Amino acid sequence: MSRVDLALLRDVFEAAGEPPYRAGQVWEWAARGAASYAAMTNVPAALRARLAAEVPFSTLDVEREERARDGTAKTLFRTRDGHPVEAVLMRYRDGRRSLCLSSQSGCPLTCTFCATGQMAFGRNLSASEILDQALHFRRIEAVDHAVFMGMGEPMLNLDAVVDAARLLADVGITNRRATVSTVGWLPGLRRFVDEVTEPIRLALSLHAPTDELRSELMPVNVRYPLADVLAECTRYFELRRRKVFVEYVMLGGVNDRVDQARALAALLDPKVFKVNLIPYNPTGMYAGSTRKAIAAFKDVLDAARLPATVRLTRGRDIAAACGQLAADPRPRARTHASA
Ligand code: SAH
C-alpha cells in the first residue's frame, strides 16, 4: 500500500462518502507496520471490509523468505504480473536495521561481477512496489535505514525511487538515512543532483581507478566515462555538503593492487568522497581479494588521508549479500539428492 494505492484509496473513500482524512489514517497504520486492514481499529469496520475486498494490501506477493546465520533476512517477492523482486533486511549489533531495496526487477546493465546483471531484465518497479518491500519488513520490526542497493539501477527509475524515498520517512527512515547507489548513469544522476531537494545520500559504484579497467568491468562506463561521473558527484557535494560514498568491490588480481590504490587516492578528493571497500561475494566470475590485499589497499588510502572502510559482509550464506540478488527460484538446499 503506498502512494498509488493511496490514490485508489481516496477513490474508494469518495465513492463510499467517507471523509478524505481516512486515506491518511489508513496510510499511518500501514507505515507503522499494521498487518492488515482489520488491524486499523479507528477505521469503521464496514469500511475496512470494503477496503479488504477492493484495494490489495500490497502490490507484491511474498514467494520465499530466508534467514542467514547473521540475522539477515531476504525476501523474494513477485509483482502482480509475475516479475521477481528481492529485498534484504540487515540487522546490526548496534541495533541498526537497514533495508536493501530493489528499484527494478533484474537490471539492464551488465556489470561482470554482479549476479543481478546476469539475470533477465524485467522492468522498472513502481513507487508502490518499492515501498511495499519496505512495508513488508516494517511489519516484522522497526527499521531506520535504507539503501537502494538491491536489484536494478535506481537512476534509470529515478522518479519512482524518489517518490518511495519520500514516503519512507513515514515508515521510520528519514531522507538522511536513505542512500541511492548508482553505476553513474548520467542522465538520472544529473537530475538527482539538480532536482531532488531532499537530503537523500548518494553512493557511486566505482570499482576501478581508470576508464580502461572500469569499462571492462562495467560496460556502462563506455557510455558515461569516469571524469564526467566524478564531476557530477562533486557537484552533488558542492550543492549538498554531503560526502559521496564510493563502493569498490575487491577483485583478486584485477583491481586490488597497491598501484591501483594509489591511482584511486589520486583520483578522489578526500573532501568529497569516502571509500567503502567491498569484499567480493562469489558470483562465479572472479576470486575475491585476500584479506591481506584488502588491508594493503586500505593502508594506501589511509596514508593518502582518503577516508576508507571495509564493508561488513552480511547474508552471504543465503545469497543476500551485495551483488548476489538474482531471484534464483531454485531452493538452495539439495532436495533431490542424486544417487
Ligand atoms: N545499480 C546500482 C545499485 C545496486 S548497488 C549500483 O550498482 O550502484 C549494489 C552494489 O553491490 C554495487 O556497488 C555493486 O557494484 C556491488 N556488487 C555487485 N556485485 C557484487 C559482488 N559480487 N560482490 C560485492 N559487491 C557487489
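In case you missed it, the structure is sitting above this.
What comes next concerns the included structure. (Residues numbered from 1 in each chain as written. Predicted model: local features only at pLDDT ≥ 70, side-chain atom pairs only at ≥ 80, totals over all residues. Heavy atoms only, no water.)

Our next topic: the site of the ligand. For the ligand, the set of nearby residues contains 22 residues, the closest of which are Ser 181, Ser 205, His 207, Glu 247 and Asn 281. Note that a nitrogen atom of the ligand is positioned 3.0 Å from one of the backbone N or O atoms of Phe 113. At 2.6 Å from an oxygen atom of the ligand is found a side-chain nitrogen or oxygen belonging to Ser 181. Isolated, the ligand exposes 530 Å² of accessible area, and the fraction of that covered by the protein chains is 95%. At the level of secondary structure, the elements contributing two or more residues to the shell around the ligand comprise strand 6 (178-182), strand 8 (244-250) and strand 9 (273-279). (Near = heavy atom within 4 Å. Polar contact = N/O pair within 3.5 Å; in protein donor to acceptor, adjacent residues only side chain to side chain. Areas by Shrake-Rupley, 256 points an atom, 1.4 Å probe, with all protein chains shown as cover. Helix = DSSP H or I, 4+ residues; strand = E, 2+ residues; numbered from the N terminus.)

For the rest of this paragraph, the subject is the sheet that holds strand 2 (residues 73-79). Across the sheet, 10 strands lie side by side as 1-2-3-4-5-6-7-8-9-10; this open sheet has mixed pairing. Looking at strand neighbours, the two that pair on one side only are strand 1 (60-67) and strand 10 (308-310), the edges of this open sheet. Adjacent strand axes in the sheet meet at a mean angle of 20°, parallel and antiparallel pairs treated alike. (Pairing = 2+ DSSP bridges. Axes fitted to C-alpha atoms, helices over the stretch in contact; angles between N-to-C directions.)

The subject of this paragraph is the nonpolar core. If you look at the biggest cluster of nonpolar residues, it comprises 98 residues, and the most contacted ones within it are Trp 27, Leu 99, Phe 113, Phe 192, Leu 268, Val 275 and Leu 301. Sort the elements by how many residues they give to this core and helix 5 (residues 158-171) lands first, with 9 residues. Lining this core are residues from two domains, each supplying at least three of them: domain 1 (1-57) and domain 2 (59-336). Those residues in contact with Leu 99 that sit more than four places away from it in its chain are Val 88, Leu 89, Met 90, Ala 134, Phe 137, Val 143, His 145, Ala 146, Val 147 and Ile 173. In terms of nonpolar packing, the next biggest core, distinct from the first, is built from 13 residues, Leu 76, Val 147, Met 151 and Ala 327 among them. (Core = buried A, V, L, I, M, F, W, Y, C linked by side-chain atoms within 4.5 Å. Buried < 20%, exposed > 50% of the residue type's maximum accessible area, 1.4 Å probe, protein only. Domains from an automatic or database assignment. Contact = heavy atoms within 4.5 Å.)

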